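What follows is the residue order along each chain.
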Amino acid sequence: MLLSISYTSFAFPNYANRLKRQGANDSSSSMDEASVAANPPPAPGPPTFTGTKLVHDLFHPWRPPRDGDERGPCPGMNTLASHGYISRDGVASPSEMIHAVQEAFIMENKFAIFVTYLAHLLNGNILTDRLSIGGKTRKAGPDPPPPAHAGGFNVHGTFEGDAGLTRADAFFGDNHSFNQTLFNKFVEFSDRYGDGFYNLTVAGELRDQLLQESIATNPEFSFKNVRYFTAYSETVFPINFFVDGRKTEKKLNMDSAQSFFRDMKFPPDFYRSATPIADQGLSEMFKVHPFLPGGNLDGKINNFAVDPTSATFETPCVLYEDILNTVKTLYPNPTGLLRRNLIHCLREFYPGVAAVLGRECVQQFPYGKQ
C-alpha cells in the first residue's frame, strides 16, 4: 500500500477535457521549432549538504512581484520566486525548479523530480523547457501544437484542483489567488484542534471539512486520480516545509502560515528542515477521515459518487497510467525536437515515479526511447 512508505505523490490532477479548453488565451502563432527549442539538461541530483541552514538570507531577499510576474496556486513556489530561488518573474526550467526546492526546502530529490516533471509534462512548454508557476505567459515561449497549451500551474485539473487549502474551487472563478476566507478557516481549525498550531490532527480535520464543503457547494466538484493524491499531499505540505528546521515539533504557527500563504515570503530568520523531506505524515493524516475518490455527478451539488476506476493510494500504478494517458492526449503525434524533448522529460520523470509510486509501475515509452 502506498501509504505505508514515508512519502507519496505530490502530484498534479489530470483531466484531459479541461486541459484542452484552458490556457487558450495569450497564445502564440506557429513557430520555427529549431529557433526556439531548448536541449534540456538531466534532472539535478541531491545537494551535497542536506542539513538545516538559513534560507531567508542576504543572497535571497524578498521582493514583491512586479507587474507581469507570474504567481499561482502554490505558496511554496510563489515564495521561491519572491526570494529569487527561481526567476522572480515566475517562469523557470524544471532543472531550475528542482534545484530551488532542494536548496530552499531540502525536498527529497526523487520527490522533487516527480512533482516538477509532472507539472512540466502537463503544463509546461516542452519545446522551450520553460514552466510558469502561474498562468499562461509569452515568457514561456511560443505555444506547442494544440491540444497542448503550456498554460502554467493555474490550469484547473493539473497542478491546481478542487478543495484547496487557501485557493477557491475553479467553479467559483479565481482558483489561484490567496483566499482570505479559506485562510480564516485554516486558522479556525488550527485553534480548535491544534491549540493555535497547524499539525497533523488539524490537517486531517480540515481536509475532511474542505471536501464536504466542495461537495455541498460545487456542482462540478471532482476529486479523483491525480487530484486525489495532490490534495492530501498539499495538506501535509505546510507541516513538512513551512516549519522552521530548528524546531523539534512539526507544527506551524499562524504568523508563519500567513507569511507563506498570503505574503509569499519566508518568515524572518527562517531555516530549512534538518533532513530531506517529502510527504511525511500523510498516512497518519489520511486515516483521520479516509475518503474514496470521486465527484459530483450530473452538475448537481451533494451528488457525490465514488469513481471505482480512479487511482487510490492502494493502486498507485493506475495514477502513472492516467498521467501518461493525459500526456498522450496533449501530444498525440509529436515529431522532431518536440518528440525528442518529450522522450527526455518522460525519461527524467520515471525515477521519481519509481521512488514515489513504486517500482511495480513498469516504465513506458509512448514516443520511443530515443
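Residues numbered from 1 in each chain as written. Predicted model: local features only at pLDDT ≥ 70, side-chain atom pairs only at ≥ 80, totals over all residues. Heavy atoms only, no water.

Asker: Can you help me understand the overall build of the chain in this one?
Answerer: Per the secondary structure count, the chain includes twelve helices and seven strands. A compact globule built from 370 residues should have a C-alpha radius of gyration of about 21 Å, and the chain, at 19 Å, falls within 12% of that. Along the first, second and third principal axes, the C-alpha atoms of the chain reach 55 × 55 × 40 Å. Burial analysis of the chain (370 residues in total) assigns 58% to the buried set. For the chain, the share of sequence-separated contacts (at least 6 apart) that also reach a separation of at least 24 residues comes to 73%. About 14600 Å² of surface is accessible on the chain, with carbon and sulfur atoms providing 51% of the total. (Helix = DSSP H or I, 4+ residues; strand = E, 2+ residues; numbered from the N terminus. Rg over C-alpha atoms; globule rule 2.2 N^0.38 Å. Buried < 20%, exposed > 50% of the residue type's maximum accessible area, 1.4 Å probe, protein only. Contact = heavy atoms within 4.5 Å. Areas by Shrake-Rupley, 256 points an atom, 1.4 Å probe, with all protein chains shown as cover.)

Asker: What is the right way to read the sheet that holds strand β4 (residues 222-223) from this model?
Answerer: Think of a sheet as strands paired side by side through backbone hydrogen bonds, with each pair either parallel or antiparallel. Read from one edge of the open sheet, three strands run β4-β6-β7, paired in antiparallel fashion. With partners counted over all chains shown, the strands left at the sheet margins are β4 and β7 (304-306), one partner each. Where β4 meets strand β6 (residues 294-296), two bridges bridge the pair, whose relative direction is antiparallel. Within β6, the residue paired with Ser222 across the bridge is Gly295. (Pairing = 2+ DSSP bridges.)

Asker: Help me understand the nonpolar core, please; the structure alone is not making it clear to me.
Answerer: What tends to happen in soluble globular proteins is that the nonpolar side chains get buried as a cluster. Tyr198 and Tyr232 are the most contacted members of the largest nonpolar core, which totals 95 residues. Excluding anything up to four places from it in sequence, Tyr198 contacts Leu165, Phe186, Ser190, Ala203, Leu206, Thr235, Pro238, Ile239, Lys250, Lys251, Leu252 and Met254. (Core = buried A, V, L, I, M, F, W, Y, C linked by side-chain atoms within 4.5 Å.)

Asker: Which parts of the structure should I look at to understand the packing of aromatic side chains?
Answerer: Here the distance between the centres and the angle between the planes together describe a pair of aromatic rings. Enumeration according to the criterion identifies 35 aromatic pairs in this entry. With centroids separated by 6.1 Å and ring planes inclined at 45°, the aromatic side chains of Phe105 and Phe242 adopt a geometry described as tilted. Linking Phe105 in helix α4 (residues 94-105) with Phe242 in the loop between α8 (226-241) and β5 (252-253), this pair joins segments that are 137 residues apart in sequence. Take Phe242: its relative accessible area is 1%, and that puts it in the buried class. With a centroid separation of 5.6 Å and an interplanar angle of 45°, the aromatic rings of Phe189 and Tyr193 are classed as tilted. (Phe/Tyr/Trp six-rings, centres within 6.5 Å; stacked < 30°, edge-to-face > 60°.)

Asker: How should I be thinking about the state of the cysteines in this particular structure?
Answerer: A covalent bond between the sulfur atoms of two cysteines is what we call a disulfide. Using the criterion set out here, one finds one disulfide in the structure. The disulfide partner of Cys317 is Cys361, and the gap between their sulfur atoms is 2.2 Å. Because the sign of the S-S torsion sets the handedness, a value of about -95° for the bond joining Cys317 and Cys361 places this disulfide among the left-handed ones. Here Cys317 is found in helix α11 (residues 316-330), whereas its partner Cys361 is found in the segment after α12 (336-356), with 44 residues between them in sequence. When its relative accessible area of 1% is taken as the criterion, Cys361 is described as buried. With no disulfide of its own, Cys74 has Cys345 as its nearest cysteine by sulfur position, at a separation of 19 Å. Of the residues examined, Cys74 reaches a relative accessible area of 7% and is grouped as buried. (Disulfide = S-S within 2.5 Å.)

Asker: Teacher, can you tell me more about the packing of helix α5 (residues 109-123) against α11 here?
Answerer: Between two packed helices, the angle of one axis relative to the other and the distance separating the axes together describe the packing. For the pair α5 and α11, the least separation of the axes is 9 Å and the interaxial angle reads 30°. On the side of α5, the interface is formed by Leu118, Leu121 and Leu122, while α11 contributes Ile323, Thr326, Val327 and Leu330. Among the residues forming the contact of α5 with α11, the class breakdown is six nonpolar, one polar and no charged. (Axes fitted to C-alpha atoms, helices over the stretch in contact; angles between N-to-C directions. Nonpolar A, V, L, I, M, F, W, Y, C, P; charged D, E, K, R; others polar.)

Asker: Hey, could you run me through the pattern of salt bridges in this one?
Answerer: In a structure, side chains of opposite charge can pair up when their charged atoms sit close to one another. What the rule picks out here adds up to 14 salt bridges. A salt bridge links Glu234 to Arg227; the shortest N-O distance between them is 3.2 Å. Look at Arg227 and you get buried, because its relative accessible area is 1%. With a shortest N-O distance of 3.2 Å, Arg246 and Asp269 are connected by a salt bridge. Of this pair, Arg246 sits in the loop between α8 and β5 while Asp269 sits in the loop between α9 (254-261) and α10 (282-286), and the two are 23 residues apart along the sequence. We classify Asp269 as partly exposed; its relative accessible area is 40%. (Salt bridge = Lys/Arg side-chain N within 4 Å of Asp/Glu carboxyl O.)

Asker: Please explain α4 as it appears in this structure.
Answerer: Every α-helix carries 3.6 residues per turn, so stepping three or four residues along brings you back to the same face. Taking 1.5 Å of rise per residue, twelve residues should cover 16 Å, and α4 covers 16 Å from first to last C-alpha, within 8% of that figure. Burial analysis of α4 places nine of its twelve residues in the buried class, the great majority of the element. For α4, the complete set of buried residues consists of Pro94, Ser95, Met97, Ile98, Ala100, Val101, Gln102, Ala104 and Phe105. Buried residues in α4 make contact with α3 (75-82), β1 (91-92), α5, β2 (131-132), α8 and α9. Directly beyond the C-terminal end of α4, a positive phi value near 45° is found at Ile106. (Expected span 1.5 Å × (residues − 1).)

Asker: Sorry if this is basic, but what is going on with helix α7 (residues 200-217) here?
Answerer: Over its 18 residues, α7 runs 26 Å from end to end, which matches the ideal 26 Å to within 8%, given 1.5 Å per residue. Taken together, the buried positions of α7 are Leu200, Val202, Ala203, Gly204, Glu205, Leu206, Arg207, Asp208, Leu210, Leu211, Ser214 and Ile215. Where α7 begins, the side chain of Asn199 points an oxygen toward the backbone nitrogen of Thr201, at a separation of 3.1 Å. (Polar contact = N/O pair within 3.5 Å; in protein donor to acceptor, adjacent residues only side chain to side chain.)

Asker: What should I look at first to understand the environment of Phe189 in this one?
Answerer: Examined against the element boundaries, Phe189 turns out to sit in helix α6 (residues 180-194). A residue is classified by how much of its surface remains accessible, and Phe189, at 4% relative accessible area, is buried. Phe189 sits 111 residues away from Lys300 along the chain, and the two C-alpha atoms are 28 Å apart. Non-local contacts of Phe189, meaning those with residues more than four positions away in its chain, are made with Gly194, Val202, Glu205, Leu206 and Gln209.

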